[in-house]
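Per-entry structural report
What follows is each chain in one-letter form.
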Amino acid sequence: MSWKIQSMEDYAVAYQKSKKNPNDFWADIAKTFTWKREWDSVLSGSIENTDVKWFDGAELNITENCLDRHLKERGDKVALLFEANDPNEAARTYTYKELHETVCKTANMIKDLGIKKGDRVCLYMSMVPELLISVLACARIGAVHSVVFGGFSAEALAGRIEDCECKLLITNDAGFRGAKTIPLKNISDEALEKPGSKCIEKVLVHKRVGENVSMKEGRDIWWHDVYDAASSDCVAEVMQAEDPLFILYTSGSTGKPKGILHSTAGYMVWAAYTFANVFQVEENDTYWCTADIGWITGHTYITYGPLLNGATTTMFEGVPTYPDAGRFWEIVEKHSISHLYTAPTAIRALMAHGKEIVESKNLKSLKVLGSVGEPINEEAWNWYNEVVGKKNCPIVDSWWQTETGGILISPLAGITETKPCYATLPLPGVFPVLMDTEGNEVPFGKGEGNLCIKTPWPGMTRGIWGDMDRFKQTYFSAYPGYYFTGDGCKRDEDSFYRITGRVDDVLNVSGHRIGTAEVEDAIGQHRDVIEAAIVGFDHDIKGQGIYAYVITNRLGDESIKAEILAAVTKHIGAIAKPDKIQLVPGLPKTRSGKIMRRILRKIAAHEFSNFGDTSTLLDPSIVDKIKEGVL
Ligand code: PRX
């Protein structure tokens, strides 16, 4: 590829070009893809007007670029490698030819169920090949996929189905996950009983576990009953550059989850460009990203990015510690994995099991190690570098978000110098700025502030589904004319960036984004809860843990804690369960009724001094009472 960066000189040239002449820069890259019609303009609209468009006027289908484009040269190359939860189950592979055929058949199967271009399809599945296949099948026919992580509850699933009015739900009978099976169909049934889910007309069920599930006549269809009859000939739908490709829900600092919308052409170019340059995957490499396709990392760096580049992508159904803490390393050895892209939380969890487990496996195939999802602490970075990478594998600590579509700040493997805990330098096309407390740009050079991005990049989100006002408010109002990330950041004397974590009321628990307001709402639905306040605290493995302060009319009754956990599991899912629940007689509120979270964060961190100005508190004595009961 003409645009593949191979040295720091290439990087400098590309960066300058992307700054001086973004239209030519991105047009040259875009030309290397398959289009049905070329664009009229490369970039149009602006951040100020929240009407950014890339490659407007162009027509394409992303799956032709992921699949058809490779058939001639790489038809027999493995596109997808599947490692099952059970290490004794044989791994499955799909060559590009096989994946193309399977996606086409699946696309026709979905079409036969009445799905047309623009319809939304919800995928609530475990990490089986059919999930990736369904994602691509939707894109093939122009249906908008909305993948919901299999760890969310029936209620959370129903809320997401309702918000974007999905017509079809694709699920499994159940999913294997470590020692557990997740009853996905039963949870789906429960979700579909809610009035908001009436928009679902059909449920397509893929059998994975062989669980006994009930099938509703006229609504539910087994995948294996219709798949064979579907034609393997599926002409790719013609999509406009800005047609929606997918919606993915993520948590914000207030209210319900936001349906982050990504459109077709810009996302495609961004996914392909960032994957190629950050990971530097070569033709015979086997790349493995350990994320779940239910999160953005699995969309961009298991599915679209690798396939757009003709790479071999690995999908793992299970968890890092099943059947034991050596599973990741066993998979690396078994499949000669060259690129491993995982989250700091997994690294820390595996680190706790000692280096012997890692050293007992042959990890010679590894070339590049990636980190994503949360700040990586120095200890974990060093362990990853020394014990896993034997100091031979560059670590790409890649910073990005659901909203950014792909990586914005990251070392390029083997090219950029790395530094523990630093995401280092922005990719070409990305112009980060740090904002001071007055809302001014921190002058270039060493500094600290809130991280914003100054100009549009192709992969940026185009909106929140059905709520453009919230979109403007959330990302473009704090610093007019800039995209505000919600992250705090430092820049050092080498102009390297280090992301320090969220500056809003969003927690990052094991790399999962959790909105404090959502957890507070879930707890507040318990009949004996009067009010709850959620803050994060440092957690050795999870990065951040969830600390809940709860006012209840059963103060002193410890049994309510289990009920509170059950409420969170019911309304959101087990991933949002608080690690600590403290029953309190009141919360530190200002006279205007605002909770002073700063104080609650300090108490949760066992820092009992320097609370700052507490004179505006309605009842300052509450602080001491909370301190006494701290967990
Ligand atoms: O706080 C940042 C953190 O994860 C947030 C985005 O979460 P999500 O949309 O779920 O996407 C996660 C996968 C891209 C960011 O606002 N984050 C992500 N990557 C890093 C990070 N924090 C520090 N370093 C990173 N490499």
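As the structure is a computational prediction, the values presented were derived from the model and not from experiment. (Residues numbered from 1 in each chain as written. Predicted model: local features only at pLDDT ≥ 70, side-chain atom pairs only at ≥ 80, totals over all residues. Heavy atoms only, no water.)

**Focus on the packing of aromatic side chains**
This is how it is decided: Between 30 and 60 degrees the pair is tilted, below 30 it is stacked and above 60 it is edge-to-face, where a pair is any two Phe, Tyr or Trp rings, Trp via its six-membered ring, whose centres lie within 6.5 Å. Each residue's exposure class comes from its accessible area (1.4 Å probe, protein chains only) as a fraction of the maximum for that residue type: buried when under 20%, exposed when over 50%, partly exposed otherwise. Helical segments are the DSSP runs of H or I of at least four residues, strand segments are the runs of E of at least two, and each set is numbered from the N terminus. As a reminder, the over-ring test applies to NZ of lysine and CZ of arginine, requiring each to be within 6 Å of the ring centre and within 35 degrees of the ring normal.
For the coordinates displayed, the defined rule picks out 40 aromatic pairs. Geometrically, the ring pair formed by Trp54 and Phe55 is tilted, given 6.0 Å between the ring centres and 45 degrees between the ring planes. Among the residues examined, Trp54 registers a relative accessible area of 0% and is labelled buried. Taken together, a centroid distance of 6.5 Å and an interplanar angle of 75 degrees make the contact between Phe316 and Phe328 edge-to-face. With Phe316 in strand 17 (residues 312-316) and Phe328 in helix 12 (residues 327-335), the pair connects residues that are twelve residues apart, well separated along the chain. You can call Phe316 buried: its relative accessible area is 5%. For Phe328, a relative accessible area of 3% translates into the label buried. Each residue in the set Trp3, Phe25, Trp26, Phe33, Trp35, Trp39, Trp54, Phe55, Trp270 and Tyr273 is aromatic and connected to the rest through ring pairs, giving one cluster. Across the ring face of Phe152, the terminal group of Arg160 is positioned such that the distance to the ring centre comes to 4.2 Å.

**Brief notes about unusual backbone geometry**
With an omega dihedral of -5 degrees, the bond running from Tyr322 to Pro323 counts as a cis peptide bond. Mapped onto the fold, Pro323 is located in the loop between strand 17 and helix 12. The residue Cys421 is not glycine, and still its phi comes out positive at about 75 degrees. Inspection of the secondary structure assignment puts Cys421 in the loop between strand 20 (395-398) and strand 21 (432-435). Residue class for Cys421 comes out buried when judged on its relative accessible area of 4%. Positioned with a positive phi, Thr424 is a non-glycine residue whose angle comes to about 65 degrees.

Shape descriptors only; they carry no functional weight alone.
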